[in-house]
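Structural overview
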Protein chains: 4
Amino acid sequence: MSSKDKIITAAIEVFSEHGYHRASMDEIALRACVAKGTLYYNFPNKAQLFKTLVKQGLQEIMDTTCQALDMPLTLEESIQRVIRLNLDMFLESTNFAHIIFNELSNGIEQEVLLEIKELRREYLHFLADILEESKCGGYVRDVNCMIAATSIVGMLQSSCNYYLNNKNEMSREDLEYFLFTLITKGLFTTHA
Amino acid sequence: MSSKDKIITAAIEVFSEHGYHRASMDEIALRACVAKGTLYYNFPNKAQLFKTLVKQGLQEIMDTTCQALDMPLTLEESIQRVIRLNLDMFLESTNFAHIIFNELSNGIEQEVLLEIKELRREYLHFLADILEESKCGGYVRDVNCMIAATSIVGMLQSSCNYYLNNKNEMSREDLEYFLFTLITKGLFTTHA
Amino acid sequence: MSSKDKIITAAIEVFSEHGYHRASMDEIALRACVAKGTLYYNFPNKAQLFKTLVKQGLQEIMDTTCQALDMPLTLEESIQRVIRLNLDMFLESTNFAHIIFNELSNGIEQEVLLEIKELRREYLHFLADILEESKCGGYVRDVNCMIAATSIVGMLQSSCNYYLNNKNEMSREDLEYFLFTLITKGLFTTHA
Amino acid sequence: MSSKDKIITAAIEVFSEHGYHRASMDEIALRACVAKGTLYYNFPNKAQLFKTLVKQGLQEIMDTTCQALDMPLTLEESIQRVIRLNLDMFLESTNFAHIIFNELSNGIEQEVLLEIKELRREYLHFLADILEESKCGGYVRDVNCMIAATSIVGMLQSSCNYYLNNKNEMSREDLEYFLFTLITKGLFTTHA
DNA sequence: TATGAATGAGTTTTCATTCAT
DNA sequence: AATGAATGAAAACTCATTCAT
């Protein structure tokens, strides 16, 4: 495993545990079992290291989603798959997802912040395009698909967060069913 | 205007602009036009100051919402009002709302973090109770109201965020209508 | 009880518990149940407040000792009394005694430090004079009485400290007997 | 000279001059000619830095004393040597010795304070063991050797302090002779 | 005589970043 | 390609003291 990879693995851990600001380069180096200098040999600075992780993370979800949709499916099945995959991401690495989608507001170096926002936007566009297609098929109500995608992601994330802190109240199936219903009933035409 | 009030006003500004971690006590003091010592005379530390703001903010929304619902309204009208009030909050002070609902994940002093999470939970319960009532009336589908409330807040917030960054794409009415539809169609029975 | 007295009582407590530097005027005011301003109304500053306590404390011991010696006693009895009284002081308010005799070295405002050192010196002189008298009577070896007094006080204090932390090892009588023996055998001529 | 050594040298100076609380990390860094960050790179905090100094200081005295006693000597000679070495320490670095033996009372971070007290205790045990041996040989009266050692150290320290401030009154030989006499007559049996 | 809000200089500590090796 | 000692700016927080009331 290369130094770079060790650093990336460690960085995801540390950023997830402490959030961007409280994550220290020292701890990342320690966890990666490399010297601090090695961090800066591989990444120009903290913000860029963070951006790399975000980019990689979002790319992975998009790739997985693409693969999952790359087969003949009914609209319902497609929707369910996308929800399930996103739930996987949010539940498996909630903190990291949280960071990507939320802790970006302020306090991160402008230059990098903008790039990360752009990445996030790309991901939302990716989801919006799926909705757009369904809209063309007449299955989705006439809504702004970007804002619909944004809303869905916000909903997924906040509900996952709640679910993780209150697992006793409901099963993962319940959560999935709830979200599936809310989204289909809320966004889709009755024919769906 | 008392020092305490000046500090609170300044603190909301600064926390909103920079997020919790990048907000510095120095800047808050500067903006409030008081000495740094005055900050610490009025609030024991940064985290407690922050908690005060959050508490006050959430209380205000709850109060306003309660007032708004304290009159004979159809269910539709009630829903619309709650959405509108929450949109007001999210749009008028997005960053602050963002902080309350998101930047709490990690990196804030445990003790205070837990208190704030509890406050947030109270607010969600407050919303969930409104839904619960409607459920008893048979207007809302049989869902876990807490997770529904959580999802709605997540949705409101992420969509507001998007709207603020893309005002050219849609009007506030569009946003409100979209959310109203998504929520009513998604959560309510057809009779509603 | 006057404000001044309340402050003095509280101050002794707080200085004893935390040492001069860690004792805060805030805590003293709190314990004395007066406002902070009242401290500064009664004493010009922290150092002067401290000096007042020291002065008062040393004066009390000297007075008590004088009284105790102001009656016909054999030399042995006199010695024993002086030891006992000093032990009382050191044991009852070790921390305060510690402060008076030790924590004065550095870090206290020069001006006041010198005054306090002078007070301590007076006390040592007081003890030295008692020795001097015995020396004239031929009971004490020909030593520098000031250094003998200084040594005795140092010994009393360090042994009290040890005793307080290791009460299980010895009784107060053992301690008193040990010190009495060490001092008489060490300083006195065999006739004593 | 390594940064660490420079810091230690400077720290001893500064702590000696101002006492623990008034010694500032800024001044230590300045004197050591290193950046403030370097202090914290080498020592986790002020208290630990202080502990390091104390540990090192006490170790040195014990080592020197051991060496000095590691040769055939009469009891008298041994005693004299131990006194002389301790005097050396107290006179050469009075302030530092003062800090070790006195300024520990209160106001230092608990955790470190306890460690330092333990170190001091070790040193006293070291002295007590020397006395214990002599006691077995029948040269020392039947006393609790720990409290004897404690008393001796207290006596040495306070008398040194006095001597340093009143050099005109007596020579170092006088001081040494006085202490030697007080200790041998006070603690030893007449055969010694 | 007493108050307590306000001050600001001073202190410890953190941490991203640099650079000689 | 990797190291880790060194840096210094920035941050949170403390506390003796002042002063208008």
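Residues numbered from 1 in each chain as written. Chains lettered and ligands numbered in written order. Predicted model: local features only at pLDDT ≥ 70, side-chain atom pairs only at ≥ 80, totals over all residues. Heavy atoms only, no water.

**Details of the interface of chain C and chain D**
Taken together, the contact pairs 41 residues of chain C with 41 residues of chain D. Summing both sides of the interface, chain C and chain D together bury roughly 3300 Å²; the carbon and sulfur share of this comes to 60%. Where chain C meets chain D, there are two salt bridges. Here Glu109 of chain C and Arg22 of chain D are joined by a salt bridge, their closest N and O atoms 2.9 Å apart. If you list the elements that add at least two residues to the side of chain C that touches chain D, you get helix 1 (3-22), helix 6 (94-101), helix 8 (145-165) and helix 9 (172-187) of chain C. (Contact = heavy atoms within 4.5 Å. Buried area = accessible area lost by both parts, 1.4 Å probe. Salt bridge = Lys/Arg side-chain N within 4 Å of Asp/Glu carboxyl O. Helix = DSSP H or I, 4+ residues; strand = E, 2+ residues; numbered from the N terminus.)

**Brief notes about the pattern of salt bridges**
For the structure shown, the criterion picks out 45 salt bridges over all chains. The residue Asp142 of chain A makes a salt bridge to Lys135 of chain A at a minimum N-O spacing of 3.8 Å. One salt bridge in this structure joins Arg31 of chain D and Glu27 of chain D, with 2.8 Å as the shortest N-O distance. Linking Arg31 of chain D with Glu27 of chain D, this pair stays in helix 2 (residues 25-32), spanning four residues, or about one helical turn. Sharing partners across several salt bridges, the network here consists of Glu13, Glu17, Glu27 and Arg31 of chain A.

**So, the protein's contact with DNA strand E**
Surveying the vicinity of DNA strand E reveals 30 residues, the closest of which are Met25 and Tyr40 of chain A, Thr38 and Tyr41 of chain B together with Thr38 of chain C. In DNA strand E, atoms within 4 Å of the protein come from the sugar-phosphate backbone in 61% of cases. In the model, a phosphate oxygen of DNA strand E is placed 2.3 Å from a nitrogen or oxygen of the Thr38 of chain C side chain. One nitrogen or oxygen atom from the side chain of Lys46 of chain D is found 2.9 Å from a phosphate oxygen belonging to DNA strand E. When residues of the surface near DNA strand E are traced back to their parent elements, those giving at least two are helix 3 (36-42) of chain A, helix 3 (36-42) of chain B, helix 3 (36-42) of chain C together with helix 2 and helix 3 (36-42) of chain D. Looking at the surface near DNA strand E, its residues break down into 12 nonpolar, 11 polar and seven charged. (Near = heavy atom within 4 Å. Polar contact = N/O pair within 3.5 Å; in protein donor to acceptor, adjacent residues only side chain to side chain. Nonpolar A, V, L, I, M, F, W, Y, C, P; charged D, E, K, R; others polar.)

**Things to note about the UniProt feature "DNA-binding region" (unreviewed entry) in chain A**
The positions that UniProt labels "DNA-binding region" (unreviewed entry) are, in the present scheme, residues 24-43 of chain A. The distance separating the terminal C-alpha atoms of residues 24-43 of chain A is 14 Å; by composition the span is 75% helix and 0% strand. (UniProt positions renumbered as here; feature names shortened; annotations may be inferred.)

**A word on the domain arrangement of chain A**
All names here are of chain A. The domain architecture assigned to chain A consists of domain 1 (1-43) and domain 2 (50-187). Computed over C-alpha atoms, the centres of domain 1 and domain 2 are 27 Å apart. Between domain 1 and domain 2 lies a buried interface of about 950 Å² when both sides are counted; carbon and sulfur atoms form 70% of it. Contact with domain 2 buries surface across domain 1, with Phe15, Ser16 and Tyr20 losing the most and accounting together for 52% of the total. (Domains from an automatic or database assignment.)

**Some words on the relation of the copies chain B and chain A**
Once chain B has been moved 0.0 Å along the axis and rotated by 179°, it coincides with chain A to within an RMSD of 0.1 Å. Taken together, the rotation and translation relating the two chain copies correspond to the operation of a two-fold axis. Taking C-alpha positions as reference, the residue of chain B nearest the rotation axis is Gly186 of chain B, located at 1.9 Å. By residue overlap, the copies meet face to face through one surface: 95% of the interface positions of chain B are interface positions in chain A. (Least-squares fit on C-alpha atoms with pLDDT ≥ 70 in both.)

**Description of the protein's contact with DNA strand F**
Taken together, 29 residues lie around DNA strand F, and Thr38 of chain A, Met25 and Tyr40 of chain C together with Thr38 and Tyr41 of chain D are the ones closest in. Here the atoms of DNA strand F within 4 Å of the protein split so that 63% fall in sugar or phosphate, with bases taking the remainder. Mapped onto the surface near DNA strand F, the elements with two or more residues apiece are helix 3 of chain A, helix 3 of chain B, helix 3 of chain C together with helix 3 of chain D. Looking at which element gives the most residues to the surface near DNA strand F, the answer is helix 3 of chain D, with five residues.

**Focus on the arrangement of the chains**
Nowhere do chain B and chain C come into contact; their C-alpha atoms are at least 12 Å apart. No part of chain B reaches chain D; the closest C-alpha pair between them is 21 Å apart.

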